[in-house]
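# Commentary on secondary and tertiary structure
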Amino acid sequence: MKKLLIPLFALALMTSCGTAQVADGVSTNPVAVKHDKAFSDAYKMIKAEDLKKNLYVIASDEMEGRDTGSKGQKKAGEYIVNYYKSLGVSYPKALGSYYQKVPSDFMKKRGGGNLPDSENILAFIEGSEKPEEIVVVSAHYDHVGTKNGVVYNGADDDGSGTVAVMEMAKAFQEAKKAGKGPKRSVLFLHVTGEEHGLFGSEYYTDNPVFPLANTVVDLNIDMIGRDDPDNRGKQYVYVIGSDMLSSELKVINEAANKKTNNLELNYKYDDLNDPQQLYYRSDHYNFAKNNVPVAFFFDGIHEDYHKSTDDPDKIDYNLLQKRTQLVFTTAWEIANRAERIVVDKK
């Protein structure tokens, strides 16, 4: 997650976003999709040991801290792409590969200094009934690189989100193999340049592979493998932004949570006026500012945030599994319900 930097235009939105009214006609049945054997089998594919296996690679010293456009980040990207190939999960046909180039010039114009060209990584499972409607599950795979010869591995930030997205793709693909793939399409989006200014997600929303008007939701994951001092030892996750644009999304997420691991959903930071301004500090915001409903899943600011000590041996893999399963269940519901979720707040 990028450090605090509040855009001026974000401040201007606070009053209008915070005072939006809920429209009439919201569904009274938030979980409209039956959790049958196909869901159960897919859900069980999300395993702590597999999350750990992938994270020990993504957050290894070999990846050199995954700074934007670096050799280490590209190596991590190759690992992610090869993982999707091994699952049989392809890329958007319109893109022609798993990679969406994010040019150096684009980042430089937005304060990115002399960052080299980098890439977003996109994996894609086409929907069986409403393929034109897109559910996005996102996480950034960059981190802050190496400083003074010390590798900043970024196991939680955002290696945890990266491997969570990979596991969810495996789960959806398992359902597809069983003939129960998602009705809507699911885009597994790994963005670059987050730590320097949300560049990868901004580039995607400026140059979407699929029209933003057809994008149903962005479920964004940025740091879900640890706990913070206020929640030490608790089974929780912070959820931010889930009712900023849609009156249904928060309800769906809460219902999905109750039907699965029943984590404590903490809304401490779900406030446009919160001093940390977390609604604006990760990649979901570039979707939200384009009127796409978002939910941001987060574990808090812990003692190893943006330090060289953010290593994979400190991750709570059982809690990472439960949080991943929550996001998966929410995505499953949104991808398979009869009607797309409403956008009824501004």
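Presented here is a report on the structure given in the accompanying data block. (Residues numbered from 1 in each chain as written. Predicted model: local features only at pLDDT ≥ 70, side-chain atom pairs only at ≥ 80, totals over all residues. Heavy atoms only, no water.)

## Overview of the overall build of the protein
If you tally the helices and strands in the protein, you get 11 helices and 10 strands. Computed over its C-alpha atoms, the radius of gyration of the protein comes to 18 Å, within 12% of the 20 Å expected for a compact globule of 346 residues. The principal-axis extent of the C-alpha atoms belonging to the protein is close to 55 × 45 × 45 Å. Looking at the protein as a whole, 60% of its 346 residues are labelled buried. The contacts of the protein with a sequence gap of at least 6 include a subset with a gap of at least 24, amounting to 84%. Accessible surface computed for the protein: about 13,400 Å², of which carbon and sulfur atoms make up 49%. (Helix = DSSP H or I, 4+ residues; strand = E, 2+ residues; numbered from the N terminus. Rg over C-alpha atoms; globule rule 2.2 N^0.38 Å. Buried < 20%, exposed > 50% of the residue type's maximum accessible area, 1.4 Å probe, protein only. Contact = heavy atoms within 4.5 Å. Areas by Shrake-Rupley, 256 points an atom, 1.4 Å probe, with all protein chains shown as cover.)

## So, the pairing of strand E1 (residues 99-102)
The side-chain alternation of E1 yields one buried face, formed by Gln100 and Val102, and one unburied face, formed by Tyr99 and Lys101. Relative to strand E2 (residues 118-125), E1 runs antiparallel, the two sharing four bridges. Note that in E2 the partner of Val102 across the bridge is Ser118. (Pairing = 2+ DSSP bridges.)

## Comments concerning helix H11 (residues 317-336)
Under the 1.5 Å per step criterion, the end-to-end length of H11 is 28 Å for 20 residues, consistent within 8% with the ideal 28 Å. With 18 of 20 residues buried, H11 is to be regarded as a mostly interior element. Where H11 starts, the residue carrying a side-chain oxygen 3.4 Å from the main-chain nitrogen of Asn318 turns out to be Asp316. (Expected span 1.5 Å × (residues − 1). Polar contact = N/O pair within 3.5 Å; in protein donor to acceptor, adjacent residues only side chain to side chain.)

## Some points on the nonpolar core
Judged by nonpolar contacts, the single largest core of 64 residues is most densely connected at Tyr84, Met168, Phe188, Phe297, Phe328 and Trp332. Phe124, Phe210, Leu212 and Phe287 belong to the second-largest nonpolar core, a separate cluster that totals 31 residues. (Core = buried A, V, L, I, M, F, W, Y, C linked by side-chain atoms within 4.5 Å.)

## Describing the sheet that holds strand E6 (residues 184-191)
Strand pairing in a sheet takes place through backbone hydrogen bonds and is either antiparallel or parallel in direction. The eight strands are arranged E1-E2-E6-E3-E7-E10-E8-E9 in an open sheet whose pairing can be described as mixed. Looking at which strands have only one partner, the edges of the open sheet turn out to be E1 and strand E9 (264-266). Neighbour to neighbour, the strand axes of the sheet diverge by 25 degrees on average, direction disregarded. As paired strands, strand E8 (residues 236-240) and E9 are joined by three bridges and run parallel to one another. Each bridged residue has a counterpart across the sheet, and for Val237 the counterpart in E9 is Leu265. Its contacts with the sheet place helix H8 (residues 199-206) against E1, E2 and E6, and it is angled at close to 105 degrees to E1. (Axes fitted to C-alpha atoms, helices over the stretch in contact; angles between N-to-C directions.)

## Overview of the environment of Gln73
Assignment of secondary structure puts Gln73 in helix H4 (residues 71-87). Residues Gln73 and Gly111 lie 38 residues apart in sequence; the distance between their C-alpha atoms is 20 Å. Other than its neighbours up to four places away in sequence, Gln73 contacts Met63, Arg66, Asp67, Thr68, Ser118, Tyr141, Asp142 and Thr192. Engagement of the side chain of Gln73 in a polar contact is seen with the backbone nitrogen of Gly69, the distance being 2.8 Å.

## Things to note about the packing of H4 against helix H6 (residues 155-177)
How two helices pack is summed up by the angle between their axes together with the distance between the axes. Closest axis-to-axis distance for the H4/H6 pair is 10 Å, and the angle between their directions is 15 degrees. Judged on the interaxial angle alone, H6 and H4 are roughly parallel. By crossing handedness, the relation of H4 to H6 is classed as right-handed. Here H4 contributes Tyr79, Ile80, Tyr83, Tyr84 and Leu87 to the contact with H6, which in turn contributes Thr162, Val165, Met166, Glu167, Ala169, Lys170, Gln173 and Lys177. Across the contact of H4 with H6, the residue classes tally to eight nonpolar, two polar and three charged. (Parallel < 35°, antiparallel > 145°, perpendicular 65-115°, else oblique. Left-handed = near helix turned anticlockwise from the far one by under 90°. Nonpolar A, V, L, I, M, F, W, Y, C, P; charged D, E, K, R; others polar.)

## Digging into the environment of Leu87
Relative to the helices and strands, Leu87 is located in helix H4. On the accessibility criterion, Leu87 (14% relative accessible area) is buried. Linking Leu87 and Val150, residues 63 residues apart in sequence, is a C-alpha distance of 34 Å. Setting aside residues up to four positions removed in sequence, Leu87 forms contacts with Met166, Ala169, Lys170, Gln173 and Lys177.

## Here's the deal with H8
With seven of eight residues buried, H8 lies mostly within the body of the structure. Among the residues of H8, Phe199, Gly200, Ser201, Glu202, Tyr203, Tyr204 and Thr205 are the ones counted as buried. The inward-facing, buried residues of H8 contact E1, helix H5 (104-108), E2, E6, helix H7 (194-197) and helix H10 (284-288).

## Points about the side chain of Arg66
Take Arg66: it is sitting in the loop between helix H3 (48-58) and H4. One buried charged side chain, Arg66, makes no salt bridge at all; its nearest oppositely charged neighbour is Asp157, positioned 6.8 Å away. Here the side chain of Arg66 touches Asn153 through a polar contact of 2.7 Å, landing on its backbone oxygen. (Lys, Arg positive; Asp, Glu negative; His and termini not counted. Salt bridge = Lys/Arg side-chain N within 4 Å of Asp/Glu carboxyl O.)

## Considerations on the packing of H3 against H11
Put simply, H3 and H11 touch, their axes get as near as 9 Å, and they point 105 degrees apart. Taken together, the axes of H3 and H11 lie roughly perpendicular to each other. Judged by residue contacts, Ala48, Leu51, Lys52, Leu55 and Tyr56 of H3 engage Tyr317, Asn318, Leu320, Gln321 and Thr324 from H11. When its residues are assigned to classes, the contact of H3 with H11 shows six nonpolar, three polar and one charged.

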